Amino acid sequence: EPEVTQTPSHQVTQMGQEVILRCVPISNHLYFYWYRQILGQKVEFLVSFYNNEISEKSEIFDDQFSVERPDGSNFTLKIRSTKLEDSAMYFCASSVGTASSYEQYFGPGTRLTVT
Amino acid sequence: GNSVTQMEGPVTLSEEAFLTINCTYTATGYPSLFWYVQYPGEGLQLLLKATKADDKGSNKGFEATYRKETTSFHLEKGSVQVSDSAVYFCALSGHYNQGGKLIFGQGTELSVKP
C-alpha cells in the first residue's frame, strides 16, 4: 500500500539554525499538508499546498517557515531560524483532493528538538 | 472558529471492556468528522469518518455517530483488544469550501491490559 514517508525521523538542532524537514507524499496525490504537535498538545495545522503554491496557512506559519516541492516528488518544510518553541513532532500529509470525502494520509512524523 | 474537544486520557481498560471516547465540536456550516488513530511509532491513520448529520462511521469494530443536535462524535467499541492500544484523535474538516485542513482534538491515549 502506498504511504507517505518522512525524513529524518528525529532532528536535533541548535536555536537559530535552519532545518529542512522532508516528505515524500503518495505519488498521485495533489494536495499536501504540514501539521505539528508540540508535546502534550493538539495536532495543529500549519499549511496546505496545491499546484505549487500555498493554498492556506495558519497563524503559526510565519515568515520563518516556508514550503517547497522542489522536484515533483519531495515536499519540504523549512524553518529558517529555529526557536526553542519550534520543538515538536511535524507531520506531513497528502490527499487526492480537498473535499472531506478524500482521506488525508499521514507520514510517521519528524521529531524536531531545538536546543 | 472551529474547534474540537475530546476527553482527556490516558484511558486504561481491560481486554473485552466497552470503550467510549467523547468528542464534541464547534463549527460553522456542515463539517465532516473523523477519528484518526496513531499506533506507537507510526503516523496518523484514518479510522472512520462521517460527512453529514446522523451518519455513522464504522471500521474495525469502532463506531461513531455524527450528532448535530449535541455537536458530538463519540467513539465506541464494544470489546477492546490489547492491539487497540494507541492514541485516538477526533478531528473535523470544515464545510467543503473551507479547504481541506483538519482541526484536531488533543488526543486520547488508550491502554488495554490483557
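Residues numbered from 1 in each chain as written. Chains lettered and ligands numbered in written order. Predicted model: local features only at pLDDT ≥ 70, side-chain atom pairs only at ≥ 80, totals over all residues. Heavy atoms only, no water.

### Looking at the overall build of chain A
Here comes step 1: Assigned secondary structure in chain A consists of zero helices and eleven strands.
Here comes step 2: The secondary structure elements of chain A, listed N-terminal to C-terminal, are β-β-β-β-β-β-β-β-β-β-β.
Here comes step 3: Expected size for 115 residues packed as a compact globule is a radius of gyration near 13 Å; at 13 Å, chain A falls within 12% of this value.
Here comes step 4: Taking the principal axes of the C-alpha coordinates as reference, chain A spans close to 40 × 30 × 30 Å.
Here comes step 5: Looking at chain A as a whole, 46% of its 115 residues qualify as buried.
Here comes step 6: Carbon and sulfur atoms make up 45% of the accessible area of chain A, which totals about 5,800 Å².
Here comes step 7: Averaging the coordinates of the 9 positive side-chain charges in chain A and doing the same for the 14 negative ones gives two points 4 Å apart. (Helix = DSSP H or I, 4+ residues; strand = E, 2+ residues; numbered from the N terminus. Rg over C-alpha atoms; globule rule 2.2 N^0.38 Å. Buried < 20%, exposed > 50% of the residue type's maximum accessible area, 1.4 Å probe, protein only. Areas by Shrake-Rupley, 256 points an atom, 1.4 Å probe, with all protein chains shown as cover. Lys, Arg positive; Asp, Glu negative; His and termini not counted. Charge placed at Lys NZ, Arg CZ, Asp CG, Glu CD.)

### Focus on the interface of chain B and chain A
One frequently used descriptor of interface size is the decrease in accessible area upon assembly of the parts.
Here comes step 1: With 22 residues of chain B at the interface, the matching set in chain A holds 18 residues.
Here comes step 2: Between chain B and chain A, roughly 1,600 Å² of surface is buried when both sides are summed, and carbon and sulfur atoms account for 54% of that area.
Here comes step 3: In terms of surface lost to chain A, no three residues of chain B exceed Leu 44, Lys 101 and Phe 104 of chain B, which account for 29% of the buried area on that side.
Here comes step 4: Across the chain B-chain A interface, the total number found is one salt bridge.
Here comes step 5: For Lys 101 of chain B, the salt bridge goes to Glu 56 of chain A, with nearest N and O atoms at 2.9 Å.
Here comes step 6: Ranked by residue count, the leading element in the side of chain B that touches chain A is strand β5 (residues 32-38) of chain B, at four residues.
Here comes step 7: Among the residues forming the side of chain B that touches chain A, the class breakdown is eight nonpolar, eleven polar and three charged. (Contact = heavy atoms within 4.5 Å. Buried area = accessible area lost by both parts, 1.4 Å probe. Salt bridge = Lys/Arg side-chain N within 4 Å of Asp/Glu carboxyl O. Nonpolar A, V, L, I, M, F, W, Y, C, P; charged D, E, K, R; others polar.)

### Let's talk about the sheet that holds strand β7 (residues 56-59) of chain B
Residue and element names in this part refer to chain B.
Here comes step 1: Read across the open sheet, the four strands follow the order β3-β9-β8-β7; overall the sheet is antiparallel. Sheet topology places β3 (19-21) and β7 at the edges, where each strand pairs with a single neighbour. Between one strand and the next, the sheet's axes are offset by a mean angle of 15°, whatever the strand orientation. (Pairing = 2+ DSSP bridges. Axes fitted to C-alpha atoms, helices over the stretch in contact; angles between N-to-C directions.)

### Examining the sheet that holds strand β7 (residues 65-68) of chain A
Residue and element names in this part refer to chain A.
Here comes step 1: Taken in spatial order, the four strands line up as β1-β3-β8-β7 in an open sheet, and their pairing is antiparallel. The open sheet has two edge strands with one neighbour each: β1 (5-7) and β7. Going across the sheet, the axis of each strand differs from the next one's by a mean of 20°, ignoring polarity.
Here comes step 2: By the bridge criterion, three bridges tie β1 to strand β3 (residues 19-24) in an arrangement that is antiparallel. Among the inter-strand pairings, Thr 5 is bridged to a residue of β3, identified as Val 24.

### Considering the pattern of salt bridges
Residue and element names in this part refer to chain B.
Here comes step 1: For the structure shown, the criterion picks out five salt bridges over all chains.
Here comes step 2: Across the pair Asp 55 and Lys 52 runs a salt bridge, and its minimum N-O distance is 3.4 Å.
Here comes step 3: Take Asp 55: its relative accessible area is 22%, and that puts it in the partly exposed class.

Everything listed is a geometric property; what it means functionally is a separate question.
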